[in-house]
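Overview (structure and organization)
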Amino acid sequence: MSEEKPKKDGQDKWEPRIIAFLCNWCSYAGADLAGMSRFGYPAPIRVIKVPCSGRVDPLFVLRSFEQGADMVLVSGCHPGDCHYTSGNYHARRKLLAFRELLTFLGIDPRRFKISWVSAAEGGKWSSLVAEVTEEARALGPYKEFPRSVSEGVSDEG
Amino acid sequence: MSEQNLFEAPAGWLKSAVDALLSDGVEVVAPVGAEDGTVDLAPVSSSGAITLEYLNVNQPLKRLFFPQTEVLIEFERQDDGDIDVKSQSAPPEEEMVVFGCRPCDTAALDVLDKVFAWDYDDLRYRERRERATIVAFACTGPDPQCFCVPVGGSPHGSQGSDVLVFTRDDGSALLEVNTPKGEKLMERLGAVARPAQPDSGLPDVPDIHTGFDPEKIKLWLDDNFENEFWAGASLMCVGCGSCTYLCPTCHCFDIVDEGIWNRGERRRNWDSCSFGQFTAHASGHNPRPDQAARYRQRVMHKFKYFPERFGLVACVGCGRCLRACGVGQNLVSVLHDIEKT
Amino acid sequence: MIKLTINGNEAEAAEGQTILDVARELSIEIPTLCHHKAIPPTGACRICVVEITAGARPGLVPACAYPAQDGLEIQTDSERVRESRRMTLQLLEARCPEAKVIQEMAAEYGALDLPLERKDEKCIMCGLCVRVCKEIIGPAATCFAGRGPEREISTPYKLLSEVCIGCGACAFVCPTEAIDPAEFCSIALEKIPNEFNCGLDSRTPVYIPFPQAVPNKPVIDRENCIHFRTGGCGACKTVCPADAIDYDMEDKVVEEEVGAIVVATGYQLMDPAVYEEYGYGKYPDVVTSMEFERMVSASGPTGGGLHRPSNGELPKTIVFLQCIGSRQETDGKPYCSKICCMYTAKHTILYKHKVHDGQAFVFYMDVRSGGKNYEDFVRRVVKEKVATYLRGRVSKVFPRGGKLMVRGADTLGGGQVEIAADMVVLAPAVVPSSGVQELAQKLRIGYDQHDFLLEAHPKLRPVETNTAGVFLAGACHSPMDIPESVAQASAAASKALGLVTHERLTREPTIAVVDELTCNGCFECENVCAYKAIERKEILDKDGVVTAVLAHVNEGLCQGCGACGVTCRSKSLEVEGFRDLQLFSAISAISR
Amino acid sequence: MKADGPATDALRKEAADLLSRGDVGVVIGYGRQDDADLAAPVFARNAEDADRLVFDDHCLGNLAVYLPRSEIRAMGRAGVVVKGCDLMAVNVLLRENVIKREDVVLIGTHCAGVGEPQLEKCSTCDVHSPEGCDVVVGEPVDQPKVDEEQRYKAAAEIDAMSVEERWDFWRSQFDKCIRCYACRQVCPLCYCKRCIVEKNIPQWVATSAHLRGSIAWNVVRAFHLTGRCVGCGECERVCPVGIPLGAINQKMSRHVGDSYGFHSGLSADQEAPFTVWSPDDSDEGIL
Amino acid sequence: MTNGDSVRGNTALTPLDYRPAKMRIESITDETSDIKTFRLTFCDQDQNEQFEFRAGQFGLYSVFGSGEATFCIASSPTRRDYIECSVKRVGRVTNDLHECNEGDIIGFRGPYGNWFPLDEMEGKNLLFVGGGIGLAPLRSLIWNCLDLRDKFADILILYGARTVADLVYKEELKTWRERDDVKTIYTVDPGGETPDWDGEVGLVPVVLEKENPSPENTIVIACGPPIMIKFALFSMRKLGFPFESVYTTLENRMKCGVGKCGRCNVGNRYVCKDGPVFRYSDLLLLPQEF
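What you are looking at is a predicted structure, and each value in this text was computed from that prediction instead of being measured.

Let us look at the overall build of chain C. Within chain C, the secondary structure is distributed over 15 helices and 27 strands. A compact globule built from 592 residues should have a C-alpha radius of gyration of about 25 Å, whereas chain C, at 34 Å, is more than 25% larger. Overall size of chain C, expressed as C-alpha extent along the three principal axes, is 110 × 85 × 50 Å. Across the 592 residues that make up chain C, the buried fraction comes to 46%. Contacts in chain C between residues at least 24 apart in sequence constitute 56% of all its contacts with a sequence separation of at least 6. In the form shown here, chain C has an accessible surface area of approximately 30700 Å², with 52% of it arising from carbon and sulfur atoms. Counting 63 positive and 78 negative side-chain charges, chain C places the centres of these two groups 5 Å from one another.

Below is the structure:
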């Protein structure tokens, strides 16, 4: 997919592709609340619901980048609030270590976000998305990362 | 083959030849050194990048014709449900000249040629082979791991090369032309090399110390598919693919699809008979369930099955498998052991 | 078998039974004072006399001592009997006007007009105490001393008794509450505060925890029990007609495999002493609502009598303070304790019942009377001027001239008010019972920052928890009143029944499954699982030899969070509904 | 260290004893093959075989890699020669229930470092003398104090680069990767019956040796070893194309060390850092 | 033409670029809980007309994005309007194939491999022994023979599955049984029968021995799970069948289908080229690695 291609609706502005993994109980509910409360937030975010932030495998993050994500966001319950008592604590350890690894390998850590958004924080969700979307826009397309289908480029190794 | 098959080239000939070819728009592949000290064949844009300090290139020649990964077809799902399927376009039209590979690697092309063109002719392989002229450099300093001679090769073997170059200490070289392709190249490089005096002797062939007899080995293999020997010989093998991936004759491959939601490509990737999953069925059944069976397959394939099927040993003695093995598995010792039994 | 007739009723008696025994079996009441079933009868008090009319020599005999005999005909309430008892009681009344039981009996038999001068004693000299100490407990700490009118129960030489073990058996058997071992025992006998009554009175070491306890059976408090402390006593065992006392019983850890657990650990009140301004713990007349509740309870320590703890006087002015710790973001609990508004309204009414001319004040923040008819109730209290409601906070309670000065703001009336109160009742915040955190961790259920237990879903699964099979009832979940607790308990019970009455369990389908072909058996999943749903499954070959131990998911426990699958490097654990392939596909699809 | 030194003598005697007593079915040790630089594994099945064992500074490999193999298990109880660094891998295998302590006899070797020139890892080795072995052979060696900076030197050098420089660096490294999985196969802790790359429903990690596939593979490999890697360095040593995998492992070891005070392999009853948590774990970088 | 070219071209040096022909799924039949039969036609009409194959040959079917998988062609070469394949859900490609709907487009390379020796079978009695989904290659041959019924002597079809539910081609089993010119014996493993099952109950080799067919002038074609084949051959030896007249098929894993990828090799044989049909006497000479 060429990020530079004009969008179908004729809007020729590039928009980042942000894939977000939201835990079912807090962040997804928080996003829901944002909607119900009529808090607006930017459209580029694409949400995948998972039972718990502890279900987010670092593989998801990697795969999202491969499939064209310019930014990946994982959001779960605040520490102590996990529906499954400790899933977010596991997620915190794993995902922060994973980010450490990505950073070490030169994969821009600004493109991998982690957040805690509770079911009551519709407002936080809304402003968080606005903030990260703005950052993703500023970062521009993640061209460096090798995508699953390269645009006409043979990548024989 | 014309009468004249020896050419004399002065010191610095390689630079001139490469520059001449590059300026003709020919793709030149030659040995290039990396930071870590390894040397590998790579396309060069100037003669300056070329190194001549190596026993052999790290990765085998085969990858120029049978790349480690390549796109076979591309497909795209259309809105109406139809699928657009395209063959990945053929390799570039222009010629390619490969400098600097060793006779063992060129000999391995015989093995690959046989496999890729029996019965069905693998278009991609053939097209890549056709566009390439191979200028091999005769081997001057084989190391203790080299064993090309017992498997029918020689440090001066001309098998598989279009031109074989004997480099002298002073940098000048004697070029032996072996094929019409080689002749064509020499015509093109008329300014670089001139026909040699008929009495220009070839340098002495360096000694290869390691010796064994593939015939005798095959005789033993014929009778010993089932033998405790295999379990013992394979115990130290950890089942990685480095020997097979570095082997110039190994040619097993896998075909996989990759892609995104509506588009993708089918790729051909190297695969290795050392891998546990290589022959595993989806049902879980695995005809070669342990490393012993897999190691046996590797030896059998090279020294028995391939000769039976195609008339030549599928090993050229380059020694990479010995050098690359992380645990010290040594094919030659294994063959010696077999010979001794 | 002995056959006899009592008051015309035919009765059968076993050898050795007394007339009293037989009469009691027939539910015919014969009053006694000096009789105790644990001690052989002596017939000392003569209250239990009955009349033999036939079958033996007719006449009056003590029922407690006279053996049942074949053919006896007995009248327990004849004129002759009553006359005899009246006379006896007149004598006793004269001696012991202080003893309540004598007073009551004397009234019943018309023995109150005395021809005699009254003494002011309690002891009727029945000697039960002496005998119980000697014959049952053993030390013989007390004895009769003196003669004639000087006769009394005493320790030898009226000294502190070295042999008395303080068991209290003497006091226990005394029909007139005339003896108190604390007066002569050399061991300091401390009162054991009665927990149920907030320590407002005391209890014995063997006691029934509270009225209507279930089971309604006594327990022995080993720490205070004389038997366990000294090895002696054993009175309760001796007297127990059911022989239910077994000192050798040990606490047992009972393991039960259950299909459901209902957590109903209730609540406790926050200690209001942390708010020094209210003076709780410092001034005895500042009490908590719970203490007040016990004071006004007919079964409470005061038998329903409301007195100022400081001096026992009737509190003529009482002030109720609401929200002690509740709705206090900074130094208390931010939540509303929910029940205080209503019970305080009730308390004002109870107060008025006890002290008709009393004045009650209530300091409140808001009156929260959500609930059926609750508002009407509060309205009534206010309208009928049962209590004066003052909207505002109290800044200080301090003593002045035998009163408690309650200084607070009346935000509606304006200005500061100061009330001279006899009693101040605090409504402390409702907090979860202590130890609930540990329990929650053990049950792997969630709790909030105040340690109230968490329901599985605030709207849709209010009595379930995140751990399947564990349910919540009552105030362990949040402050709630009785109807709400009952509703929740009913819901929890029916949820639990719904679980255990089915042959198969119904569960969410989104649970983890193991791919046994690829599981390495490293059990990192086991550590990660918050629900202990990962079990170790032994894989046997055909000879029954264990060839591998692999992870297995207990389907009843797994909640499907998926943490195990992320931990599993070989991806041998996946959560149904959120399988890797599904998320992989989701990533592809969403990346369009 | 010489092959015919006292360590070798003691080792042979110990192995011969174990084998002749029938205590073990096999002793996995090092042996010499001609004059190769690398001492290759020897699987001694009887007392005579034991004479092929050596211990010297050519003994680079980590023989713990053989312990989970079914061929070895089939031989019965296994004796294995372990240097201090190798023993750390054994500890992880024990922790992860891959092997049982009673199924192995650990023949430790005092080791002052191996390789000519000496391997980098040996300069920061804390375990010149292994602890917890059934027997330890050789002369005890001094345990020098390790320079903490030196320990993470390779990672620190890369850490010092900018994100862009790191990306360029690793891209060129991963471009070389031929996906032979030698790093995996030689790693004692990569014992999965089915590696994640071999799982094709779904295929998280592309098997193709293009940059994308190789990034995925190397990221996943490194992450699967985070909190487990004992730093034996075998992956980097055997990599036929010379990718500095040790630096990645080092980085992640440092991360779990600094963040959770965890150092893998020190004992068999550690709790892996990714299976436990603390409410006090850092929230840094979380929005 | 597809890459496999026609059977006639099988020995010629045929150019190969691994590009599959597109085929449309015309219909899908559920055979068992995890086996479906797909009827396919080439999207390109010319290919439909030119396509030829012989019973026993296989093809590589691909779901684009998922990969290629090898199955025999289960329809008869005498039915020329379509090809059919029966697919058991076992892995990535077969999973995705099972997810396909009628009208979807898949890829096909083939036909590849050798075929059953129809010439040799002429005039002989034919004994088909099938187990489970092993009936798929036999089905191609059975219909082929039935469509040319005059060329063969007696035909006996012995087919078994684990349970009644595991029997494939249930309608065709009925059709064959109703024919006068074929004898059929269907069996299920003990315990696999249903109350209304009117066939045999017993393992295929057991039923075979009970039936005791004459080895005289008979060719046996046996396809099924390895364990069944093993015991069926044991029974045939007991009954006096020479291994030279027994044929079976091998199903090693393959990727290219054309003798290059090195995966299906058994000794010096390529299952994709020298097979999948093997004479049992030849198979015995190969390393037992399949």
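Picking up after the structure, the text goes on.
Attention now goes to the overall build of chain A. A tally of regular secondary structure across chain A gives four helices and four strands. Beginning at the N terminus, the succession of helices and strands in chain A can be written as β-α-β-α-β-α-β-α. In chain A, buried positions account for 63% of the 157 residues. Looking at chain A alone, contacts between residues at least 24 apart form 80% of all its contacts between residues at least 6 apart. Summed over its atoms, the accessible surface of chain A is roughly 5400 Å², and 52% of this surface lies on carbon and sulfur atoms.

Contact residues are listed per partner, giving 47 residues for chain B and 50 residues for chain E. In total, about 4100 Å² of surface goes out of reach between chain B and chain E, with carbon and sulfur atoms giving 51% of it. In terms of surface lost to chain E, no three residues of chain B exceed Asp119(B), Tyr120(B) and Arg309(B), which account for 18% of the buried area on that side. At the boundary of chain B with chain E, the tally comes to nine salt bridges. Contributions of two or more residues to the side of chain B that touches chain E are made by strand S4 (69-77), strand S5 (83-87), helix H2 (103-116), strand S7 (120-122), helix H3 (123-131), strand S12 (253-259), strand S13 (263-270) and helix H8 (291-310) of chain B. Among the elements that make up the side of chain B that touches chain E, the one with the highest residue count is H8(B) (eight residues). With three bridges connecting them, S7(B) and strand S1 (residues 14-16) of chain E associate as parallel partners. Residue Asp122(B) lies in a different strand from S1(E), and its bridge partner there is Leu16(E).

What follows is about the state of the cysteines. Going through the model one piece at a time under the given rule, you end up with one disulfide over all chains. Each sulfur of the disulfide joining Cys26(A) and Cys77(A) lies 2.4 Å from the other. With the S-S bond torsion at 100°, the cross-link from Cys26(A) to Cys77(A) turns out right-handed. Of this pair, Cys26(A) sits in the loop between strand S1 (18-23) and helix H1 (27-36) while Cys77(A) sits in the loop between strand S3 (71-76) and helix H3 (87-104); the two residues are 51 residues apart in sequence, bridging distant segments of the chain. One exposure class covers both Cys26(A) and Cys77(A), and it is buried. Among the cysteines around Cys145(E), which has no disulfide bond, Cys223(E) carries the closest sulfur, lying 12 Å off.

What follows deals with the sheet that holds S5(B). Residues and elements named next belong to chain B. On the basis of which strands lie adjacent, the open sheet formed by four strands has the order S5-S4-S13-S12 and antiparallel pairing. Taken across any chain shown, the strands that pair with only one partner, and hence form the sheet edges, are S5 and S12. Adjacent strand axes in the sheet meet at a mean angle of 20° when their direction is disregarded.

Of the consecutive residues Val214(C) and Pro215(C), the connecting peptide bond is found in the cis state with omega at -5°. Note on placement: Pro215(C) falls in the loop between strand S10 (206-207) and strand S11 (219-220). Geometrically, the link from Gly110(E) to Pro111(E) is a cis peptide bond, its omega value of 0° lying close to zero. With respect to the helices and strands, the residue Pro111(E) is situated in strand S7 (residues 105-112). Even without glycine at this site, Ser27(C) takes up a positive phi of about 60°. Summarising the element assignment, Ser27(C) is placed in the loop between helix H1 (19-25) and strand S3 (49-54). Within the chain, Arg179(D) stands out as a residue other than glycine whose phi angle is a positive 60°.

Each value, and the rule that gives it
Residues numbered from 1 in each chain as written. Chains lettered and ligands numbered in written order. Predicted model: local features only at pLDDT ≥ 70, side-chain atom pairs only at ≥ 80, totals over all residues. Heavy atoms only, no water. Helix = DSSP H or I, 4+ residues; strand = E, 2+ residues; numbered from the N terminus. Rg over C-alpha atoms; globule rule 2.2 N^0.38 Å. Buried < 20%, exposed > 50% of the residue type's maximum accessible area, 1.4 Å probe, protein only. Contact = heavy atoms within 4.5 Å. Areas by Shrake-Rupley, 256 points an atom, 1.4 Å probe, with all protein chains shown as cover. Lys, Arg positive; Asp, Glu negative; His and termini not counted. Charge placed at Lys NZ, Arg CZ, Asp CG, Glu CD. Buried area = accessible area lost by both parts, 1.4 Å probe. Salt bridge = Lys/Arg side-chain N within 4 Å of Asp/Glu carboxyl O. Pairing = 2+ DSSP bridges. Disulfide = S-S within 2.5 Å. Axes fitted to C-alpha atoms, helices over the stretch in contact; angles between N-to-C directions.

Function cannot be read off these values alone, since they describe shape.
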